[in-house]
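Architecture at a glance
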Amino acid sequence: QSKNNSQVEFRFFTPDMNEEISKKLILESELRKGLEEEHFLLYYQPQVSVAEGDVKGYEALIRWQHPERGMVSPGDFIPLAEETGLIVPLGQWVLEEACRQMVSWLNQGKAVSRMSVNISAIQFQQPDFVQMVKDVLAETGLPAEFLELEMTESIVQDPEKSVPVMNEIREMGVKISLDDFGTGYSSLSYLKDYPLNTLKIDKSFVDNMEQGSKEKAIVDAIIHMAHRLEFNVIAEGIENESQLQLLSGKACEEYQGYYYSKPLPAESI
Ligand code: C2E
Ligand code: MG
Ligand code: MG
Ligand code: MG
């Protein structure tokens, strides 16, 4: 931007905006430092069979062990990591760490068949994304069939670009789930085009389920549609017995939620 312009713009640059921008800059440099100094760790939340109550898989969820601020939730730093592109190295670290952990559990004889890892749209759009996943599997020695990548509707918005990439991932043997289903802006018609294994119903639908028959009807419809498209269904955010009861009457395969367990560090799993 030219010198002339910056002077003009400065007049509109209020102290509030100034503060917000410097906060961002601080957070950004802290993120970089955290990545270098390995201040990140993964928690794991069980994915549980509705019918049998046994654990089928784990979702890896990132945490930032900040030296001064303590444990920081992903909601407070993933958006900035995406904005700055730091999500690319950070996301690769998450994938490596989750695969290493899964290999270690398998070596210990733990009966678990799936590690689910969240993938940001920015990561997915990298030209070497598929190769990166291949390399991580090769380096960690995790067989592809144990890995599932969780993608949101923002990733799958552009079928012409994303379907071929998703097909490559499936050809490797890696599974794909659609996260937070129902919260995006995509139309339903795209669903049939995507090579998904699993559809995860967003917590907001689970919360509404207790309100009445119309809300239940929507959850029923999502489950039926998913099954007709040959996807498994996981309900997110089950917090109590009555929600699980409501779900067990339906054909939903699995659930996640505080009712069974919050996300936990690996040692506590
Ligand atoms: P998500 O992938 O939909 O993960 C589920 C979130 O819901 C997790 O929050 C989990 O702790 C929370 N949750 C699970 N069960 C319950 C429940 O019963 N009640 C309530 N109130 N919450 C529940 P978390 O760990 O704070 O993660 C938030 C979001 O941050 C994730 O949503 C995901 O979008 C993103 N995220 C987390 N880890 C990563 C990562 O490694 N990479 C990327 N790109 N995004 C991540
Ligand atoms: Mg997820
Ligand atoms: Mg989700
Ligand atoms: Mg979510």
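Residues numbered from 1 in each chain as written. Chains lettered and ligands numbered in written order. Predicted model: local features only at pLDDT ≥ 70, side-chain atom pairs only at ≥ 80, totals over all residues. Heavy atoms only, no water.

Things to note about the coordination of the magnesium ion (ligand 3)
Basically, it comes down to this: For Na, K and Ca the donor cut-off is 3.2 Å, while for other metals it is 2.8 Å, and in both cases only N, O and S atoms qualify; water is not among them, so sites may look incomplete. Note on exposure labels: buried denotes an accessible area under 20% of the residue type's maximum, exposed denotes more than 50%, and partly exposed covers the range between, all computed with a 1.4 Å probe on protein chains only.
Those donors, Asp 179 (OD), Asp 180 (OD), Glu 236 (OE) and Glu 236 (OE), are the protein atoms that reach the magnesium ion (ligand 3), and they lie 2.1 to 2.4 Å from it. When the donor residues of the magnesium ion (ligand 3) are listed from N- to C-terminus, their spacing reads D-D-x55-E. Between the magnesium ion (ligand 3) and the magnesium ion (ligand 2), the interatomic distance is 4.0 Å, and Asp 179 donates to each metal, bridging them. Taking relative accessible area as the criterion, Asp 180 reaches 26% and is therefore assigned partly exposed.

Description of the site of ligand 1
Put simply, the rule reads: If even one non-hydrogen atom of a residue comes within 4 Å of a molecule or strand, that residue is called near it. A 3.5 Å cut-off defines polar contacts: any pair of N or O atoms within that distance qualifies, except that in protein one atom must be a possible hydrogen donor and the other a possible acceptor, and neighbouring residues in sequence count only when both atoms are side-chain atoms. Note that accessible areas follow from Shrake-Rupley with a 1.4 Å probe, and for residues the cover is restricted to the protein chains shown. Whether a set of points on the 1 Å grid over the protein atoms alone is a cavity depends on a 1.4 Å probe fitting there but being unable to get out, while an open set qualifies as a pocket with protein on both sides within 12 Å along at least five of seven lines; lining residues are those with an atom within 4 Å of a point. Assignment of a molecule to a cavity or pocket requires that more than half of its atoms lie within 2 Å of the corresponding grid points. Only DSSP runs of H or I covering at least 4 residues are called helices, and only runs of E covering at least 2 are called strands; the numbering of each starts at the N terminus. Classification convention: Asp, Glu, Lys, Arg as charged; Ala, Val, Leu, Ile, Met, Phe, Trp, Tyr, Cys, Pro as nonpolar; all other residues, Gly among them, as polar.
Near ligand 1 lie 21 residues; those nearest to it are Arg 63, Asn 118, Asp 179, Glu 239 and Tyr 258. For ligand 1, a nitrogen atom lies 3.1 Å from a polar atom in the backbone of Ile 62. In the environment of ligand 1, an oxygen atom lies 3.0 Å from a nitrogen or oxygen atom belonging to the side chain of Asp 180. Computed on the free molecule, ligand 1 has an accessible area of 810 Å², of which 80% lies beneath the protein chains in the complex. Comparing atom positions with the cavity grids shows ligand 1 to sit within the largest pocket. Of all elements in the fold, only β2 (55–66) and β6 (175–181) reach the threshold of two or more residues within the shell around ligand 1. Residues belonging to the shell around ligand 1 are distributed by class as follows: eight nonpolar, five polar and eight charged.

A look at the nonpolar core
As a reminder, the rule being used: Residues belong to a common nonpolar core when they are buried Ala, Val, Leu, Ile, Met, Phe, Trp, Tyr or Cys residues joined through side-chain atoms within 4.5 Å. Whether two residues are in contact is decided by their heavy atoms: any pair within 4.5 Å suffices.
Of all hydrophobic cores here, the largest spans 77 residues; its most connected members are Leu 147, Leu 149 and Ile 169. When residues in this core are grouped by element, the largest group, 10 residues, is from helix α4 (residues 87–107). The residues contacting Leu 149, other than those within four sequence positions of it, are Leu 95, Val 117, Ile 119, Phe 129, Val 133, Ile 169, Val 174, Lys 175, Ile 176 and Ser 177.

Remarks on the pairing of strand β7 (residues 198–201)
Within a regular strand, side chains alternate between the sheet's two faces. Counted only if it meets this: Following DSSP output, two strands are said to pair if at least two bridges run between them.
By the alternation rule, side chains of β7 split into Thr 198 and Lys 200 and Leu 199 and Ile 201, which are all buried. With four bridges connecting them, β7 and strand β8 (residues 232–235) associate as parallel partners. Following the sheet pairing, Leu 199 is matched in β8 by Val 233.

With respect to the environment of Glu 236
By secondary structure assignment, the location of Glu 236 is in the loop between β8 and α10 (241–248). The class for Glu 236 is buried, based on a relative accessible area of 13%. As a C-alpha pair, Glu 236 and Leu 188 span 48 residues in sequence and 20 Å in three-dimensional space. Leaving out residues up to four positions away in the same chain, Glu 236 has contacts with Asp 179, Asp 180, Lys 200, Ile 201, Asp 202, Lys 203, Val 206 and Gln 256. Within the structure, the side chain of Glu 236 is placed 3.4 Å from the backbone nitrogen of Asp 180, a separation counted as a polar contact.

So, the side chain of Ser 177
By the element assignment, Ser 177 lies in strand β6. Among residues more than four places away in sequence, those in contact with Ser 177 are Glu 148, Leu 149, Glu 150, Met 151, Leu 196, Thr 198 and Lys 200.

Focus on α4
Because the α-helix completes a turn every 3.6 residues, residues three or four places apart line up on one side. As a reminder of what qualifies: Here the expected length of a helix is defined as 1.5 Å per residue gap, with one fewer gap than residues.
For α4, spanning 21 residues, the distance from its first C-alpha to its last is 30 Å, which sits close to the expected 30 Å at 1.5 Å a residue. Of the residues flanking the end of α4, it is Gly 109, one or two places downstream, whose phi is positive at about 85°.

Remarks on the confidence of the model for the protein
To be explicit about the condition: Summary of the metric used: pLDDT quantifies the predictor's per-residue confidence within the range 0 to 100.
Residue-level pLDDT values for the protein average 91, and 94% of them are 70 or greater. Within the model, pLDDT remains below 50 along residues 5–9, and this stretch shows two contacts once partners closer than five positions in the same chain are excluded. Per the prediction output, this complex has pTM 0.92; the corresponding ipTM is 0.98.

What about the pattern of salt bridges?
Applied cut-off: Every case where a carboxyl oxygen of Asp or Glu lies within 4 Å of a side-chain nitrogen of Lys or Arg is listed as a salt bridge.
The final tally for this structure, using the stated rule, is 12 salt bridges. Note that Lys 192 is salt-bridged to Asp 193, the shortest N-O span being 3.4 Å. Residue classification places Lys 192 among the exposed positions, given a relative accessible area of 59%. What makes Asp 193 partly exposed here is its relative accessible area of 35%. Between Lys 203 and Asp 207 there is a salt bridge; the shortest N-O distance is 2.9 Å. Pair noted here: Lys 203 and Asp 207 are both in helix α8 (residues 203–209), with a separation of four residues, about one helical turn. Residue Asp 207 is classed as partly exposed on the basis of its relative accessible area of 31%. In this structure, a network of salt bridges that share partners links the residues Glu 59, Glu 150 and Lys 200.

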